[in-house]
Amino acid sequence: MSERLQPGDTAPAFTLPDADGNGVSLADHKGRKVIVYFYPAALTPGCTKQACDFTDNVELLAGAGYDVIGISPDKPEKLAKFREKESLKVTLLADPDKEVLEAYGAFGEKKLYGKTVVGVIRSTVIVDEEGKVERALYNVKATGHVAKIIKDLEL
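Everything numeric in this text was worked out from a predicted model, so none of it was measured.

Definitions and cut-offs
- Residues numbered from 1 in each chain as written.
- Predicted model: local features only at pLDDT ≥ 70, side-chain atom pairs only at ≥ 80, totals over all residues.
- Heavy atoms only, no water.
- Buried < 20%, exposed > 50% of the residue type's maximum accessible area, 1.4 Å probe, protein only.
- Helix = DSSP H or I, 4+ residues; strand = E, 2+ residues; numbered from the N terminus.
- Arc of directions from axis to C-beta.
- Contact = heavy atoms within 4.5 Å.
- Pairing = 2+ DSSP bridges.

A. Structural detail: helix α3 (residues 76-86). Of all the positions in α3, only P76, L79, A80 and F82 are classed as buried. One side of α3 carries all its buried residues, which in axial view fall inside an arc of 160°. Exposed residues pointing more than 90 degrees away from the buried face of α3 are listed as E77, K81, E84 and K85. Where α3 is buried, its residues touch β1 (15-17), α1 (45-56), β4 (66-72) and β5 (91-94).

Structure (structure tokens):
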């Protein structure tokens, strides 16, 4: 079971392929705040809702100095289909080996329909300009989550 991050922790560094197969690193965003969200699977109803909510608010978030990165265990090809089908404007990264998911505490045991399963824990980690964890939210709901982040960040 991976450890959950706490405010003040250094956000684990990563470089993952985006939907086009290009490497994207957390370090590329130094000097900006980054909302890194982890979701189970592209092209599923909850994950689509969440990605569309982030896309609908990407200009507001960017204007407040936040970049948005979504990470799932999907392969880049599936992320490209997801981006095209839903006209997504957030950066989607592929983590098929689940190394980054585990480093961020977003993979492990969770309850699904009353059963304990191992999988992606829907999570959001907000990283400050210096690469430190500002907030770490685990077991978030797909619906209403983006509105809650915007409210909590007072944007």
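Read on, since the account is not over.
B. Up close: unusual backbone geometry. We note that N139 has phi near 55°; this positive angle belongs to a residue other than glycine. By relative accessible area, N139 is classed as partly exposed at 47%. Unusually for a residue other than glycine, E154 sits at a positive phi of about 55°. Relative to the helices and strands, E154 resides in the segment after α5 (145-152).

C. Representation of the pairing of strand β7 (residues 115-120) in the model. Pairing geometry for strand β6 (residues 107-112) and β7, over 6 bridges, is antiparallel. Within the sheet, the bridge partner assigned to F107 lies in β7 and is V120. In sequence, β6 turns back onto β7 through a hairpin of 2 residues, with Y113 there showing a positive phi of about 50°.

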